[in-house]
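Now for the letters of each chain:
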Amino acid sequence: MPSIQDLMIARICMSRGLPLVTRNVGDFEYLGVSCINPFS
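Parameters at a glance
Residues numbered from 1 in each chain as written. Predicted model: local features only at pLDDT ≥ 70, side-chain atom pairs only at ≥ 80, totals over all residues. Heavy atoms only, no water. Helix = DSSP H or I, 4+ residues; strand = E, 2+ residues; numbered from the N terminus. Buried < 20%, exposed > 50% of the residue type's maximum accessible area, 1.4 Å probe, protein only. Contact = heavy atoms within 4.5 Å. Areas by Shrake-Rupley, 256 points an atom, 1.4 Å probe, with all protein chains shown as cover. Core = buried A, V, L, I, M, F, W, Y, C linked by side-chain atoms within 4.5 Å. Patch = residues over 30% accessible without salt bridge, like charges linked within 9 Å, V, L, I, M, F, W, Y side chains within 5 Å. Salt bridge = Lys/Arg side-chain N within 4 Å of Asp/Glu carboxyl O.

**Remarks on the overall build of the protein**
- Assigned secondary structure in the protein consists of one helix and two strands.
- Sequence-ordered secondary structure for the protein, helices as α and strands as β, is α-β-β.
- Burial statistics for the protein: of 40 residues in total, 22% are counted as buried.
- The long-range share in the protein, meaning contacts at least 24 apart out of those at least 6 apart in sequence, stands at 8%.
- Working note: accessible area of the protein is about 3,100 Å², and carbon and sulfur atoms make up 57% of it.

**Remarks on the side chain of Thr-22**
- Tracing the sequence through the fold places Thr-22 in the loop between strand E1 (20-21) and strand E2 (35-36).
- According to the relative accessible area criterion, Thr-22 is buried, its value standing at 14%.
- If we skip the residues at most four places from it in the chain, Thr-22 touches Phe-28, Ile-36, Asn-37 and Pro-38.

**Considerations on the nonpolar core**
- Judged by nonpolar contacts, Ala-10, Cys-13, Leu-20, Val-25, Phe-28, Val-33 and Cys-35 together constitute the single largest core of seven residues.
- Sequence-distant contacts of Cys-35, defined by excluding residues within four places in its chain, comprise Leu-20, Val-25, Phe-28 and Glu-29.

**Looking at a nonpolar patch on the surface**
- Together, Ile-4, Leu-7, Met-8 and Ile-12 make up a nonpolar patch on the protein surface, roughly 390 Å² of accessible area in all.
- If you trace the backbone, Ile-12 turns up in helix H1 (residues 4-16).

Structural measurements only, silent on function.
As structure tokens, this is what we get:
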């Protein structure tokens with residue numbers, strides 16, 4: 001189960017139409033937000 005903070009971060013990105021840049025892609029991909037891992 002994602003934390004409230006993770007849900008808020010994902011929702012902000014989704015509402016703005018922006019990708020989420022994170023190393024923890026697995027924590028966010030299943031929420032439907034587009035993710036970018038800058039270290040891969």
